[in-house]
Amino acid sequence: MNVLLWILQGLLALAFLAAGAMKTTQPKEKLAPNMPWVNDFSTGTVKLVGVAEFLGALGLVLPGLFGIAVILTPVAAAALALVMVLAAAYHVPKGEYASLGVNGAFFLIAAVIAWGRFGPWPL
């Protein structure tokens, strides 16, 4: 179980590191063709989402790697799961159902990590 959780943590961290880095370093205009939702939010909000994703990704792996404050790993996973719920809640009313697959997959992976690391058998 521990190996599976580490694999999931690594994959999810890579995805959120890339997404967070893109949102924090690219102008909204460059993001808009692939992420039309950015047009509905201020630049600051888009950057905030990017920073949250980036920090969440770090929280998935760094505490376990260094053995410091390991409770942050399931907290980061739960927070990223919440980000995916909020993203889905945005996309559904807009009729952007194509985005729900990614939101759902990332939610499930984050939820499994949170469940596995919060469980009564901390791994």
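What this report covers is the structure whose coordinates are included nearby. Because the structure is predicted, anything quoted here is derived from the model rather than measured.

The rules behind each value
- Residues numbered from 1 in each chain as written.
- Predicted model: local features only at pLDDT ≥ 70, side-chain atom pairs only at ≥ 80, totals over all residues.
- Heavy atoms only, no water.
- Helix = DSSP H or I, 4+ residues; strand = E, 2+ residues; numbered from the N terminus.
- Patch = residues over 30% accessible without salt bridge, like charges linked within 9 Å, V, L, I, M, F, W, Y side chains within 5 Å.
- Areas by Shrake-Rupley, 256 points an atom, 1.4 Å probe, with all protein chains shown as cover.
- Salt bridge = Lys/Arg side-chain N within 4 Å of Asp/Glu carboxyl O.
- Buried < 20%, exposed > 50% of the residue type's maximum accessible area, 1.4 Å probe, protein only.
- Phe/Tyr/Trp six-rings, centres within 6.5 Å; stacked < 30°, edge-to-face > 60°.
- Expected span 1.5 Å × (residues − 1).
- Contact = heavy atoms within 4.5 Å.

## Notes on unusual backbone geometry
For residues that are not glycine, phi is negative in most cases, and the peptide bond is trans in most cases.
Right, so step 1: Here Ala-69, not a glycine, exhibits a phi torsion of approximately 50°, which is positive.
Right, so step 2: In this fold, Ala-69 is placed in the loop between helix H3 (43-66) and helix H4 (72-94).

## Regarding a nonpolar patch on the surface
Right, so step 1: Where nonpolar side chains cluster on the molecular surface, the patch consists of Leu-82, Val-85, Leu-86, Phe-107 and Leu-108 and spans about 470 Å² of accessible area.
Right, so step 2: The biggest single contributor to the nonpolar patch is H4, with three residues.
Right, so step 3: By secondary structure assignment, the location of Leu-108 is in helix H5 (residues 100-118).
Right, so step 4: Judged by relative accessible area, which is 55%, Leu-108 ranks as exposed.

## With respect to the packing of aromatic side chains
Right, so step 1: Tallying each qualifying case throughout the model produces three aromatic pairs.
Right, so step 2: A centroid spacing of 5.4 Å and a plane angle of 50° characterise the contact between Phe-16 and Phe-106, whose relative ring orientation is tilted. Of the two residues, Phe-16 is situated in helix H1 (residues 2-25) and Phe-106 in helix H5; the sequence distance between them amounts to 90 residues.
Right, so step 3: Centre to centre, the rings of Phe-41 and Tyr-90 are 5.5 Å apart; their planes meet at 55°, and the pair counts as tilted. A residue pair is termed long-range when its members are at least 10 positions apart, and Phe-41 in the loop between helix H2 (28-31) and H3 and Tyr-90 in helix H4 qualify at 49 residues.
Right, so step 4: Residue classification places Phe-41 among the partly exposed residues on the basis of a relative accessible area of 30%.
Right, so step 5: On the basis of relative accessibility, which here comes to 18%, the residue Tyr-90 falls in the buried class.
Right, so step 6: An aromatic cluster is present here, built from Trp-37, Phe-41 and Tyr-90 joined pairwise through their rings.

## Brief notes about H1
Right, so step 1: With 24 residues, H1 extends 34 Å from end C-alpha to end C-alpha; this agrees with the ideal 34 Å at 1.5 Å per step.
Right, so step 2: Residues Leu-5, Leu-8, Gln-9, Leu-12, Ala-13, Phe-16, Ala-19, Gly-20 and Lys-23 constitute the buried set of H1.
Right, so step 3: For H1, the secondary structure elements touched by its buried residues are H2, H3, H4 and H5.

## Quick look at the pattern of salt bridges
Right, so step 1: This model, assessed by the stated rule, comprises two salt bridges.
Right, so step 2: Between Glu-53 and Lys-23 there is a salt bridge, and its shortest N-O distance comes to 2.7 Å. Here Glu-53, found in helix H3, pairs with Lys-23, found in helix H1; they are 30 residues apart in sequence, far enough to count as distant. Exposure class is identical for Glu-53 and Lys-23. Each is buried.
Right, so step 3: Note that Lys-94 is salt-bridged to Asp-40, the shortest N-O span being 2.9 Å. On the criterion of sequence distance, the pair formed by Lys-94 in helix H4 and Asp-40 in the loop between H2 and H3 is long-range, its members being 54 residues apart.
Right, so step 4: Residue classification places Lys-94 among the partly exposed positions, given a relative accessible area of 44%.
Right, so step 5: In this structure Asp-40 comes out as partly exposed when scored by relative accessible area, which is 42%.

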